[in-house]
Amino acid sequence: MAMTTLSDLLFVALFAIAAPLMDHGVFWPAHRRLAQTDPAWARIWLCAWTIGSLWTLAAFGAALWLASGRSFASLGFTVPEGWRLWAAIALWLLLAAYQGWAIWMLTRSAEQRAGLRGQVESLAAVLPHTRPELQWFSGVSLTAGFCEEFLYRGYFIWAFAPWLGWWGAAALSLPFFAAAHFYQGWNGVVRTGVVGALFTGVVALFDSLWPAIALHALIDLGSGAMSWLALRERPEAGSSATR
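Details of the packing of helix α5 (residues 131-179) against helix α7 (residues 210-231)
α7 packs onto α5 with a crossing angle of 140° between their chain directions and a minimal axis gap of 8 Å. One finds that α5 runs oblique with respect to α7. Along this stretch, α5 crosses α7, giving a crossing that reads as right-handed. Its residues assigned to classes, the contact of α5 with α7 comprises 13 nonpolar, five polar and five charged.

Listed below in C-alpha cells is the structure:
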C-alpha cells in the first residue's frame with residue numbers, strides 16, 4: 001500500500017483548509033457585493049467559479065496521484081461487484097423516482113411551492129431562479145458530485161487512514177467537508193455534515209466512490225430543480241433572464 005507523503009498532506013490542506021478560508025474571506029464577500037447590484041449575474045458567476053475551482057482542485061489531485069505512480073483503484077474508483085452493484089443501482093433508481101415524484105408534486109401545487117420557497121429563502125442568493133441559472137446549477141451539481149467525493153471521501157480519507165484507520169480518517173473528513181459549506185449558515189453546516197456522513201456510509205457499504213458520486217450528483221440536481229420551481233415565482237429586482 002502506497003504511503004501518504006508530505007505532498008499529499010499539503011494537497012489536503014489546500015482543498016480542506018486554504019480553499020475554504022479563501023472562499024470565506026474573499027470570494028463570498030465579493031459575491032454578496034455583486035448580488036446587491038445584479039443578483040442574477042452573481043448566481044451565474046458563483047456557478048462558474050464553483051465549477052472551475054472544484055475541477056482545478058480535482059485535476060491537481062489527480063495529477064499528483066498519477067505522478068506518484070498509484071492506481072486510482074486504491075482511491076476508491078472501482079466498480080462495485082455482485083450484490084453491491086445491483087444494490088447501488090437500486091438505491092439510485094429509488095432516489096431518482098422519489099425526487100421525480102417530489103418535482104412532479106411541486107409542479108402541481110402552488111401551496112407546496114410557496115412552502116418550499118419559505119424554506120430556501122435564506123439561500124435564495126445562490127439557488128437558481130431561471131432556466132439558464134438552473135443549467136449552470138446542474139453543472140455545479142455534477143461537478144460537486146464527482147469532485148467533492150474524490151477530494152473528501154477519496155483523497156482525504158486515504159491520506160489519513162494510515163494513522164487513524166479508515167473510519168477515523170472518514171470521521172475527521174466530515175467537519176472539514178461541512179465547514180466548506182459555511183456559506184449556508186450553521187444549519188446548512190450541520191445538514192451538510194449529516195449528508196456527508198451518509199455518503200461516507202455509502203462508500204463503506206459499496207467499497208467504491210462511484211455510488212456516492214452518483215447519489216451526490218442526483219441529490220444536488222434534484223435540489224436545484226425543486227428550488228428553481230419554487231424561486232422562479234419569487235419577484236426579484238434586477239433579474240430579467242428567461243424563467
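From this point on, the discussion continues.
Comments concerning a nonpolar patch on the surface
A cluster of nonpolar side chains, L6, L9, L10, W163 and L164, forms an exposed patch at the surface whose accessible area comes to about 530 Å². When residues of the nonpolar patch are traced back to their parent elements, those giving at least two are α1 (6-37) and α5. Considering every element that reaches the nonpolar patch, the biggest residue donor is α1, with three residues. Its place among the elements puts W163 in helix α5.

Here we look at the nonpolar core
Soluble globular proteins tend to bury their nonpolar side chains together. Membership of the largest hydrophobic core comes to 31 residues, with the highest contact counts inside it found for V12, F15, F150, L151 and Y155. Elements with a minimum of two residues in this core: α1, α2 (39-67), α5, α6 (185-206) and α7. The element that contributes the greatest number of residues to this core is α5, accounting for ten residues. The contact partners of L151, leaving out residues within four places of it in the chain, are F11, F15, L54, L57, A58 and F156.

What to know about the layout of surface pockets
Volume-wise, the second largest pocket comes out at about 400 Å³. Around the second largest pocket, the lining is made up of 21 residues, and of these H24, W28, R32, F182 and Y183 lie nearest the centre. Secondary-structure elements contributing two or more residues to the lining of the second largest pocket are α1 and α5. With ten residues, α1 is the single largest residue contributor to the lining of the second largest pocket. Residue composition of the lining of the second largest pocket, grouped by class: 16 nonpolar, three polar and two charged.

The rules behind the values
Residues numbered from 1 in each chain as written. Predicted model: local features only at pLDDT ≥ 70, side-chain atom pairs only at ≥ 80, totals over all residues. Heavy atoms only, no water. Axes fitted to C-alpha atoms, helices over the stretch in contact; angles between N-to-C directions. Helix = DSSP H or I, 4+ residues; strand = E, 2+ residues; numbered from the N terminus. Parallel < 35°, antiparallel > 145°, perpendicular 65-115°, else oblique. Left-handed = near helix turned anticlockwise from the far one by under 90°. Nonpolar A, V, L, I, M, F, W, Y, C, P; charged D, E, K, R; others polar. Patch = residues over 30% accessible without salt bridge, like charges linked within 9 Å, V, L, I, M, F, W, Y side chains within 5 Å. Areas by Shrake-Rupley, 256 points an atom, 1.4 Å probe, with all protein chains shown as cover. Salt bridge = Lys/Arg side-chain N within 4 Å of Asp/Glu carboxyl O. Core = buried A, V, L, I, M, F, W, Y, C linked by side-chain atoms within 4.5 Å. Buried < 20%, exposed > 50% of the residue type's maximum accessible area, 1.4 Å probe, protein only. Contact = heavy atoms within 4.5 Å. 1 Å grid on protein atoms, 1.4 Å probe; cavity = no way out; pocket = protein on both sides within 12 Å on 5 of 7 lines; lining within 4 Å. Points joined across faces, edges and corners; volume = space filled by probe spheres on them.

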